[in-house]
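Residue strings, one per chain:
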Amino acid sequence: MKRRLNSKNPASLIIGLVVLAILAIAILGAPLLAPYDPVAQNAAERLEKPSEKHWLGTDRFGRDILSRTLHGGQTTLLSSLLALCAALAIGLLVGMAAGMFHGSALDHILMRIIDVLLAFPFMVFAMVIAGLFGTGLVHLLLAVVSVWWVSFARLTRSVVLHAKNETSYAAAKVLGASNLAIMRKELLPKAISPVLILATFELGTLILSIAALSFLGLGAQPPAPEWGSMLADGRAHFFQAPHILIGPAAFIVATVLAFNLIGEGLRDRLDPYEKLEL
Amino acid sequence: MHTVLLRKLLEALLTLFFATLIIFALIRLAPGDPVRLMLGHPGEIAAQGTSAYDEKVAELRAELGLDRNIAVQYVTWLGRLAQGDLGTSIFTGKQVGSEIAARLPATVTLSLSALLVQIALGLIFGMVAALRSGKLADQLIRVACVALASTPAFVVGLVALALFAVKYGVYEISSDFSAARLWLPALTLGVLGAPQLVRIMRANLLTEFGKIYVSSAQSRGLDRKRVVRHAARNALIPLVTMVALSFAGLIGGAVVIESIFSWPGIGKYALDSILVKDYPVIQGYALVAVLMVVLIHFLVDVVYSALDPRIHHKGEAGREEKA
Amino acid sequence: MRKLWSVVLLGLSLAVAGCSGGNSNTGNGSPASSSPAGSATQSEASPSPQASGAEPQELVVIGQEINASLDPVKPLTSSYLRNIGAGEALFKVNAGGEVEPSLAESATEVDPTTWEIKLRPEVRFWSGKAVNADAVIASLERSKSLDLQAQPFLNDLTITKLDDYTLQVRTNREHLPVPLNLSYYQTIIHNDEASHEDVATMDLTGMYKVTEFAPKQKMVLAINEDYWGRKPTIPTVVFEEISDEQTRVLSALSGRSHVTLNVPVSSLTQFKDNKEVYLSAAPAASTQTIYLNLSQPQLQDVRVRQALSWGADRDELVILAAEGQSTPVTTWLGSNPAYAAAKNAVYSQFDADKAAGLLDEAGWLKESDGIRYKDGKPLTVRLMTWGGDKALGEALQSQWTRIGVKAEVQHGDYSLIETARESGDWDASIEAWSTFGEEYAVLSGQYSSDGGANYGGYKDEETSRLLEELKKAGDPQSRHDLALQINERVAQQAPVISLFPRPQVTAVSGSLQGFEEHFRQFENVVNANLTLTAQ
């Protein structure tokens with residue numbers, strides 16, 4: 001067994017960043033790069049298999065899937081990252097507060113809320129939001145964030161409780177550091193790594209969930225391309241033309257993979273424990 | 001010990017109370033009127049004049065007590081609940097309690113089986129990924145996990161059905177709840193849920209490896225087997241939280257999988273009821289779901305103390321750590 | 001994150017359920033969705049090889065949805081009971097659209113407001129109780145008071161007993177087609193004294209008796225040995241709900257189900273090379289129709305409405321939204337086989353130039369962004385869709401954009417459409433009401449000012465006058481002509497835009513003989529002539 005010196009395994013971080021950069025260029029450059037108008041329908045060329053003309057084929061309206069995927073990335077990524085950050089922020093805050101003041105009334109109340117939300121039929125939330133505030137992507141994000149932070153909060157809290165057993169925490173306490181300072185310096189760094197890994201992983205789930213609620217009127221409305229709804233709409237033709245799913249699916253996988261690599265790369269940097277190779 | 005149990009019970013009741021309050025208020029904010037939705041359109045052909053329809057709606061609303069003040073409705077419902085009565089479905093006229101009881105076994109069976117698959121996959125591949133950290137096996141597992149986590153459930157479910165039911169003819173597509181029909185949805189659901197567990201297991205193990213190294217840096221000749229065993233044991237503890245979360249999600253009903261495999265569980269029943277605003281059913285379902293989550297957390301406590309003997313000594317604090 | 005997964009799962013399942021043609025919602029919010037899909041498939045008890053030699057014993061029918069209750073007066077329940085051979089009405093409509101006696105023996109029109117119906121003395125309920133005049137009257141009274149959906153067919157009738165097996169029916173209007181009214185599934189004859197809560201006590205007349213029932217999951221039936229008519233030969237029928245459309249398709253392909261109802265049009269290619277299953281695609285007599293909200297300023301102008309109709313390329317819509325499994329219909333009655341002449345009336349062919357001309361004339365002028373404006377305001381139409389109509393909405397959006405209309409699609413749950421209708425804040429939505437039935441009832445429900453399906457507030461003197469005439473008209477020919485006139489008048493005024501008949505596809509196993517294609521497939525699956533052969 002050898003100890004890897006300074007082995008913060010930068011490879012995953014770098015690969016992740018490179019993939020992300022390529023994706024970002026492709027998506028931001030969609031207006032220039034996309035070969036066709038993403039919403040232009042052409043009944044004569046519907047459900048075509050990938051070819052030289054249409055690299056990823058066409059959908060049921062004869063729209064070019066590559067163009068739609070590139071254009072759709074903006075909506076998808078922007079909205080899912082926004083939701084992710086919001087849920088992360090709430091989750092970390094609540095989780096740390098609950099963990100820090102563990103056993104207090106605050107902790108109990110927060111945990112009860114979390115319990116309720118965990119078991120709550122999410123669809124009811126989504127429906128209420130669609131009914132009260134109207135349809136659209138923003139309201140979808142509202143619905144998603146309102147329940148999504150819960151898992152981050154729970155995880156954060158458990159990490160914090162764990163960390164409180166450690167010597168550095170006790171030391172900080174003894175030295176009279178303020179609660180805020182302890183949170184920021186001791187607990188946040190420890191909590192953020194598992195939570196970040198979870199978050200990068202959840203990104204894919206989130207993107208899929210954007211489509212999942214479109215039947216309620218939440219999510220991107222036609223004809224705007226968006227990865228999640230492209231997958232959902234492709235389902236009707238799944239057996240006839242599975243290629244419809246390939247474009248958006250590949251981009252989702254690449255995005256999630258990139259974030260996952262970055263997340264784990266960051267974790268390696270943030271992790272308070274040195275790594276050991278066995 | 002008694003006080004702890006008592007406190008747990010009180011907490012559980014409090015959670016349930018919160019849940020009932022929130023669900024009661026929210027579901028009534030959602031658009032759509034259950035009475036109108038149930039009556040549907042007046043016939044296959046549109047009728048002229050709607051006064052009879054409106055009268056019927058008003059009559060039914062009164063009959064169901066929906067015309068009363070929401071607070072009154074809530075108290076009435078709580079009162080019935082105290083007597084163990086979940087109410088009657090607006091749509092089917094059947095007891096919500098018995099309707100849920102009829103579907104719960106299918107969902108619990110499926111959830112437990114899927115959970116076992118998830119845990120098995122999570123442990124095995126998480127361990128492999130951690131031991132081969134940074135190597136090819138680790139990278140392959142990573143890509144597989146990401147791909148699975150980013151694949152819509154319907155793709156996996158439909159492909160499984162097309163293969164096993166149509167191509168090989170070894171799976172029967174029906175609406176029955178039977179042992180012979182369990183394996184395919186359980187496997188599908190298990191595989192779909194495994195990625196998170198794999199990644200968390202890997203991360204936990206790597207952290208534990210690091211800790212052990214730090215703590216035993218001075219001691220020479222650390223035995224690899226012992227390190228792994230020790231690390232695995234510690235890594236399991238945080239994993240329990242994940243598994244519990246996973247189970248809590250499953251128990252609410254995996255709607256896509258239940259629907260694709262036409263598994264007669266609670267997920268689709270709840271969803272149908274939500275869409276038609278069948279208030280008593282939604283309330284009953286939410287209540288049962290919260291109850292299950294509370295129960296799961298209690299079980300997690302038990303598992304925790306079994307896995308981590310320290311918790312016995314530390315009492316309260318340790319027990320709470322699972323959260 | 002588990003939570004999130006379940007969200008995704010929930011959503012996708014729904015999205016998918018919705019895609020199936022939009023008929024799936026339990027709420028039967030839209031009239032189109034109130035056609036229950038049930039399909040019967042027969043299969044050996046299990047597809048095991050050893051069964052191949054024996055005569056198959058079980059007919060398996062798979063539907064998108066089955067009943068939640070056994071009581072015929074509960075919404076839609078009677079349609080499933082009728083579909084699967086458990087329940088019958090006094091009359092039935094055959095595949096050709098003609099009314100035939102069923103539990104009744106004959107019906108005669110005595111005078112313009114009186115009919116006499118003869119019952120069959122040999123008919124018995126499952127319990128053995130005679131289906132005599134008293135029982136029939138009690139059954140219809142029960143339906144009338146408890147089933148809102150039965151009221152349009154029964155409200156105008158006063159039924160009295162002449163003798164034990166003869167009924168006299170007096171009607172509020174002249175020349176009401178009483179047998180047609182008494183053929184709808186809502187008028188199913190059931191024993192009013194029995195409790196229909198339970199399999200053991202429910203009491204109907206059909207050739208199959210229910211022996212097992214799990215709400216919204218499965219119903220098992222066995223031959224009624226005392227059936228009054230020709231008895232079926234397949235001993236057992238299983239009627240199952242499989243709500244996922246693609247799972248239904250796979251069920252048909254796997255050979256387990258013998259009749260699979262509501263097959264999605266997008267799955268037709270999967271059946272192409274299959275020799276064991278064939279598809280039956282009798283067009284449904286219901287028209288996919290856009291209803292316009294006439295109280296919106298831009299839609300008050302008849303020219304704008306006409307332009308929207310001219311600007312809809314129905315041939316393309318059939319391809320994009322119905323996979324070619326339908327034919328264009330330019331006026332509403334066109335989907336009714338008896339009014340085939342209406343198929344191509346008024347908007348004889350897609351004409352974007354005509355649409356453009358009308359919009360120019362109405363003062364909506366195209367600007368550099370391709371959108372038409374008047375007084376600085378863009379010409380917008382917000383089309384609300386739900387369930388399986390998203391694709392239709394998207395296709396229309398693209399077509400209307402081409403003529404300079406800023407078309408928006410709002411796809412969501414049906415409750416959103418209902419809420420919008422109540423508040424009046426909507427421009428257009430899609431429904432597919434049945435066009436089959438007595439002309440006056442059907443048309444007045446749509447186009448009279450208090451019609452239940454007159455969502456957009458259409459009020460037209462000429463139409464009302466014609467409707468009044470139709471109400472009084474006696475002979476079939478003049479009723480037919482008047483109906484056509486009304487239909488054409490409405491098409492010209494364009495409060496609605498008719499597109500194509502809703503496709504209706506059923507997958508039938510090659511091992512099943514005697515299956516009858518019907519334009520109301522959802523209530524006509526089981527008949528006595530069905531037989532199964534081992535494949």
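Residues numbered from 1 in each chain as written. Chains lettered and ligands numbered in written order. Predicted model: local features only at pLDDT ≥ 70, side-chain atom pairs only at ≥ 80, totals over all residues. Heavy atoms only, no water.

## Focus on the nonpolar core
Link 1 in the chain: Counting 198 residues, the largest nonpolar core has Val 124 and Phe 152 of chain A together with Leu 161 of chain B as the members making the most contacts within it.
Link 2 in the chain: Setting aside chain neighbours within four positions, we find Val 124 of chain A in contact with Ile 23, Leu 26, Ile 27, Ile 274 and Ile 282 of chain B.
Link 3 in the chain: Counting 70 residues, the second-largest nonpolar core is a separate cluster that includes Ala 43 of chain A together with Ala 355, Tyr 414 and Leu 466 of chain C. (Core = buried A, V, L, I, M, F, W, Y, C linked by side-chain atoms within 4.5 Å. Buried < 20%, exposed > 50% of the residue type's maximum accessible area, 1.4 Å probe, protein only. Contact = heavy atoms within 4.5 Å.)

## Quick notes on a nonpolar patch on the surface
Link 1 in the chain: Residues Val 159, Leu 163, Tyr 168, Val 170, Trp 183 and Leu 187 of chain B make up a contiguous nonpolar surface patch of roughly 530 Å² in combined accessible area.
Link 2 in the chain: For the nonpolar patch, the secondary structure elements donating two or more residues are helix H7 (153–167) and helix H8 (183–215) of chain B. (Patch = residues over 30% accessible without salt bridge, like charges linked within 9 Å, V, L, I, M, F, W, Y side chains within 5 Å. Areas by Shrake-Rupley, 256 points an atom, 1.4 Å probe, with all protein chains shown as cover. Salt bridge = Lys/Arg side-chain N within 4 Å of Asp/Glu carboxyl O. Helix = DSSP H or I, 4+ residues; strand = E, 2+ residues; numbered from the N terminus.)

## Details of the sheet that holds strand S12 (residues 277–280) of chain C
All names here are of chain C.
Link 1 in the chain: Across the sheet, 7 strands lie side by side as S8-S9-S10-S1-S11-S21-S12; this open sheet has mixed pairing. Both outer strands of the open sheet, strand S8 (208–214) and S12, are each paired with one neighbouring strand and no more.
Link 2 in the chain: Across 6 bridges, S8 lies against strand S9 (residues 218–223) in antiparallel orientation. When the bridges of S9 are listed, Ala 214 appears paired with Lys 218.
Link 3 in the chain: Docked against the sheet, helix H6 (residues 245–254) engages strand S1 (58–63), strand S11 (259–260), S12 and strand S21 (506–509), running at close to 155° with respect to S1. (Pairing = 2+ DSSP bridges. Axes fitted to C-alpha atoms, helices over the stretch in contact; angles between N-to-C directions.)

## Describing helix H6 (residues 137–163) of chain A
Residue and element names in this part refer to chain A.
Link 1 in the chain: Taking 1.5 Å of rise per residue, 27 residues should cover 39 Å, and H6 covers 38 Å from first to last C-alpha, within 8% of that figure.
Link 2 in the chain: The axis of H6 is deflected most strongly, by about 30°, at Val 145.
Link 3 in the chain: Counting buried positions along H6 gives 23 out of 27 residues, so the element sits mostly inside the fold. (Expected span 1.5 Å × (residues − 1). Bend = angle between axes of the 7 residues up to and from the residue.)

## Concerning the packing of helix H5 (residues 96–131) of chain B against helix H6 (residues 136–149) of chain B
Residue and element names in this part refer to chain B.
Link 1 in the chain: The interhelical angle for the contact between H5 and H6, taken along N-to-C directions, is 135°, at an axis separation of 7 Å. Taken as axis vectors, H5 and H6 run oblique relative to one another. For H5 against H6, the interelement crossing comes out left-handed. Mapping the contact onto sequence places Phe 125, Val 128 and Ala 129 in H5 and Ala 137, Asp 138 and Ile 141 in H6. (Parallel < 35°, antiparallel > 145°, perpendicular 65-115°, else oblique. Left-handed = near helix turned anticlockwise from the far one by under 90°.)

## Describing the sheet that holds strand S20 (residues 496–501) of chain C
All names here are of chain C.
Link 1 in the chain: If you walk across this open sheet you meet the 5 strands as S18-S17-S19-S13-S20, and the pairing is mixed. Each edge of the open sheet is held by one strand with a lone partner, namely strand S18 (406–411) and S20. Averaged over all adjacent pairs, the angle separating strand axes in this sheet is 25°, with direction ignored.
Link 2 in the chain: As paired elements, strand S13 (residues 287–292) and S20 share 5 bridges and run antiparallel to each other. Paired with Gln 288 across the two strands is Phe 500, which belongs to S20.
Link 3 in the chain: Where helix H12 (residues 390–402) meets the sheet, it contacts S13, strand S17 (380–385), S18, strand S19 (428–431) and S20, and its direction lies at approximately 170° from that of S18.

## Observations regarding the interface of chain C and chain A
Link 1 in the chain: Every contact between the two is made by 36 residues of chain C and, on the other side, 44 residues of chain A.
Link 2 in the chain: Regarding the contact of chain C and chain A, the summed buried area is about 3,700 Å², with carbon and sulfur atoms giving 62% of it.
Link 3 in the chain: Inspection of the region where chain C meets chain A yields 5 salt bridges.
Link 4 in the chain: Here chain C and chain A share 12 residue pairs in polar contact (both at pLDDT 80 or more) between them.
Link 5 in the chain: Mapped by element, the contributors of at least two residues to the side of chain C that touches chain A are helix H1 (2–19), H6, helix H7 (268–271), helix H10 (314–322), H12 and S18 of chain C.
Link 6 in the chain: The leading source of residues in the side of chain C that touches chain A is H1 of chain C, at 12 residues.
Link 7 in the chain: Looking at the side of chain C that touches chain A, its residues break down into 19 nonpolar, 10 polar and 7 charged. (Buried area = accessible area lost by both parts, 1.4 Å probe. Polar contact = N/O pair within 3.5 Å; in protein donor to acceptor, adjacent residues only side chain to side chain. Nonpolar A, V, L, I, M, F, W, Y, C, P; charged D, E, K, R; others polar.)

## Some remarks on the environment of Leu 257 of chain A
Link 1 in the chain: Within the secondary structure, Leu 257 of chain A sits in helix H10 (residues 243–270).
Link 2 in the chain: Filtering out sequence-adjacent residues up to four positions away, Leu 257 of chain A remains in contact with Arg 142, Val 143 and Val 146 of chain B.

## Overview of the environment of Leu 308 of chain C
Link 1 in the chain: Structurally, the position occupied by Leu 308 of chain C is in helix H9 (residues 302–310).
Link 2 in the chain: Non-local contacts of Leu 308 of chain C, meaning those with residues more than four positions away in its chain, are made with Leu 292, Leu 299, Val 381, Trp 400, Val 405 and Ile 497 of chain C.

## Remarks on the confidence of the model for chain A
Link 1 in the chain: In this model, chain A carries an average pLDDT of 84, and 93% of its residues clear a pLDDT of 70 or more.
Link 2 in the chain: Within the model, the stretch residues 274–278 of chain A combines pLDDT values under 50 with 19 contacts to residues more than four positions away or in other chains. (pLDDT = per-residue confidence, 0-100.)

## Topic: the side chain of Thr 287 of chain C
Residue and element names in this part refer to chain C.
Link 1 in the chain: Tracing the backbone through its elements, the reader meets Thr 287 in strand S13.
Link 2 in the chain: Reaching out from Thr 287, the side chain makes a polar contact with the backbone oxygen of Trp 332 at a distance of 2.8 Å.
Link 3 in the chain: If sequence neighbours within four positions are ignored, Thr 287 has contacts with Val 329, Trp 332, Ser 335, Glu 431, Ala 432, Trp 433, Thr 435, Ser 498, Leu 499, Phe 500 and Pro 501.

## A few points about the packing of helix H3 (residues 65–100) of chain A against helix H8 (residues 179–212) of chain A
Link 1 in the chain: Look at H3 of chain A against H8 of chain A: their axes get within 8 Å of each other, and the N-to-C directions meet at 145°. With respect to the hand of their crossing, H3 of chain A and H8 of chain A are arranged in right-handed fashion.

## A closer look at the confidence of the model for chain B
Residues and elements named next belong to chain B.
Link 1 in the chain: The predicted model of chain B has a mean per-residue pLDDT of 82, with 87% of residues at 70 or higher.
Link 2 in the chain: For the stretch residues 311–323, pLDDT sits under 50, and the model shows 35 contacts to residues farther than four places along the chain or on other chains.
Link 3 in the chain: Note on the complex model: pTM 0.87, ipTM 0.86.

## Observations regarding the side chain of Ser 89 of chain B
Residue and element names in this part refer to chain B.
Link 1 in the chain: Locating Ser 89 in the fold gives a position in the loop between helix H4 (70–82) and H5.
Link 2 in the chain: For Ser 89, a relative accessible area of 5% corresponds to the buried category.
Link 3 in the chain: Reaching out from Ser 89, the side chain makes a polar contact with the side chain of Asp 278 at a distance of 2.7 Å.
Link 4 in the chain: Apart from residues no more than four positions distant in its own chain, Ser 89 is found in contact with Lys 94, Val 96, Asp 278 and Val 281.

## What to know about unusual backbone geometry
Among all residues save glycine, negative phi is the norm, and among peptide bonds the norm is trans.
Link 1 in the chain: Pro 223 of chain A follows Pro 222 of chain A through a cis peptide bond whose omega is 0°.
Link 2 in the chain: Its location among the elements puts Pro 223 of chain A in the loop between H8 and helix H9 (227–234).
Link 3 in the chain: One non-glycine residue, Ser 262 of chain B, lies in positive phi territory at about 35°.
Link 4 in the chain: Tracing the backbone shows Ser 262 of chain B in the loop between helix H10 (255–260) and helix H11 (266–275).
Link 5 in the chain: In this structure Ser 262 of chain B comes out as buried when scored by relative accessible area, which is 8%.
Link 6 in the chain: Positioned with a positive phi, Val 346 of chain C is a non-glycine residue whose angle comes to about 60°.
Link 7 in the chain: Assignment of secondary structure puts Val 346 of chain C in the loop between H10 and helix H11 (352–361).
Link 8 in the chain: With a relative accessible area of 24%, Val 346 of chain C lands in the partly exposed category.

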